[in-house]
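# Coordinate analysis (summary)
Chain residues, written in single-letter form:
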Amino acid sequence: MRILECNTIDIAPTIARLLKIPMVPPAGRPIQVVESYAKERGCKRAVIIVVDSLGYSLYKHLSTLMINLSGIAEKGILFRCKSAATITSPALASIFTGYPPEMHNIYSTSDIYTERAKDSENPRLKSVMEWAYRAGMKASAVIESEGAESFRGRIKDFYGVPNSEDILDYDLKITSYAVRALKEKPDVLAVHLRALDRFSHRAESWKELRKAAKAVDENLGEIYRSAEKGTIFFICGDHAIHGGEKWLKDAEGEAIKNHRENLVALIVACKQEA
Ligand SMILES: [Zn+2]
């Protein structure tokens, strides 16, 4: 397992490079170590799973608990990845488009429509899933209903789950749609799991936060097992955890620095066994 650095805007262009998706080159750059890693293993499909709030230090802290995720990381590459946004909407847009927030201007779901109204063909608003779909490939997204709706007419297969007070149940629904989507053998699939983020806002103890992390890990395991051999996974946080004062109380210097720099975990791994 190697630890390297990157930026979340590099994820979309890396996937475009690996799967030969024609995409106007965005601000992010293909990650070369991932290119050679994927080439050696013959990866043909890609799955992006955004684990909301999976900061780099948080991942390191929880990795012994998140056994599915750390098992996947051991077979792949772990990155300390800089995120360009500290809240979800712009951070997700950066992961999916390859541009920093000041270039895509998406700070909320409604901004997607506002920005597209100005120029519906603006390449900075197009996700790597949309570029894939336009090239005749199969692209899917499994996210919250309103966000999913913004893919209407942009990709064919999108699954929305309504926001819920019961975020563990919400993530279970996301996971079952993701498993269903994988049966259709998409070239690119994007999934967003939210329990860790919701718990970071509402929970008061590490015990509760660990419960969310464990649930996320089980969902990650289920999605990973459902993918076919040769699928490359990009599992990443969108920003460092919210409520830093609460969670960093007993943190050491490096964890505080990583949090301040908004570093998230990115785990890239190609599934080799069927
Ligand atoms: Zn988030």
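All of the points below concern the structure found in this document. Computed from a predicted model, the values in this text were never measured in an experiment. (Residues numbered from 1 in each chain as written. Predicted model: local features only at pLDDT ≥ 70, side-chain atom pairs only at ≥ 80, totals over all residues.)

Counting 97 residues, the largest nonpolar core has Ile 15, Ile 49, Val 128 and Cys 236 as its most contacted members. Those residues in contact with Val 128 that sit more than four places away from it in its chain are Ala 12, Ile 15, Ala 16, Ile 21, Met 23, Phe 96 and Val 188. (Core = buried A, V, L, I, M, F, W, Y, C linked by C-beta atoms within 7 Å. Buried ≥ 20, exposed ≤ 12 C-beta atoms within 10 Å, placed from the backbone. Contact = placed C-beta atoms within 7 Å.)

Turning next to the pairing of strand 2 (residues 45-51). Side-chain direction in a regular strand flips from residue to residue, so the side chains alternate between the two faces of the sheet. The buried fraction of strand 2 amounts to seven of the seven residues, a majority that puts the element mostly inside the structure. Residue alternation in strand 2 divides its side chains into two sets, Arg 45, Val 47, Ile 49 and Val 51 and Ala 46, Ile 48 and Val 50, and both sets are buried. As defined by bridge partners, strand 2 adjoins strand 7 (residues 231-236) across six bridges and the pair is classed as parallel. In the strand pairing of strand 7, Val 47 is matched with Phe 233. By the bridge criterion, six bridges tie strand 2 to strand 6 (residues 188-193) in an arrangement that is parallel. (Helix = DSSP H or I, 4+ residues; strand = E, 2+ residues; numbered from the N terminus. Pairing = 2+ DSSP bridges.)

Counting buried residues in helix 5 (residues 88-97) gives nine out of ten residues, a clear majority hidden from the surface. Residues Thr 88, Pro 90, Ala 91, Leu 92, Ala 93, Ser 94, Ile 95, Phe 96 and Thr 97 constitute the buried set of helix 5. Against the buried residues of helix 5 lie helix 1 (11-19), strand 2, helix 6 (101-104), helix 8 (128-134), strand 6 and strand 7. Note on helix 5: the residue one or two positions beyond its end, Gly 98, has a positive phi of about 90°.

To continue, consider unusual backbone geometry. With phi around 60°, Asn 105 is a residue other than glycine that occupies positive phi space. With respect to the secondary-structure elements, Asn 105 resides in the loop between helix 6 and helix 7 (109-118). Looking at Asn 105, the number of C-beta atoms within 10 Å reads 17, which means it is partly exposed. A positive phi angle, close to 50°, is found at Lys 185, a residue other than glycine.

The next subject is the packing of helix 4 (residues 67-75) against helix 12 (residues 206-226). Across the interface, helix 4 lies against helix 12 with an axial gap of 7 Å and an inter-helix angle of 50°. When the interaxial angle is binned, helix 4 and helix 12 end up oblique. Taking contact as the criterion, the partners of Ile 67, Asn 68, Leu 69 and Ile 72 in helix 4 are, on helix 12, Asp 217, Glu 218, Leu 220, Gly 221 and Tyr 224. In the contact of helix 4 with helix 12, the residues fall into five nonpolar, two polar and two charged. (Axes fitted to C-alpha atoms, helices over the stretch in contact; angles between N-to-C directions. Parallel < 35°, antiparallel > 145°, perpendicular 65-115°, else oblique. Nonpolar A, V, L, I, M, F, W, Y, C, P; charged D, E, K, R; others polar.)

This next bit is on the packing of helix 11 (residues 195-202) against helix 12. Contact geometry of helix 11 with helix 12 gives a least axis separation of 9 Å together with a crossing angle of 175°. By the angle between their axes, helix 11 is roughly antiparallel relative to helix 12. Here helix 11 contributes Ala 195, Leu 196, Phe 199 and Ser 200 to the contact with helix 12, which in turn contributes Glu 208, Leu 209, Ala 212, Ala 213, Ala 215 and Val 216. Broken down by class, the residue content of the contact of helix 11 with helix 12 amounts to eight nonpolar, one polar and one charged.

None of the figures reported here should be taken as evidence of function without further support.
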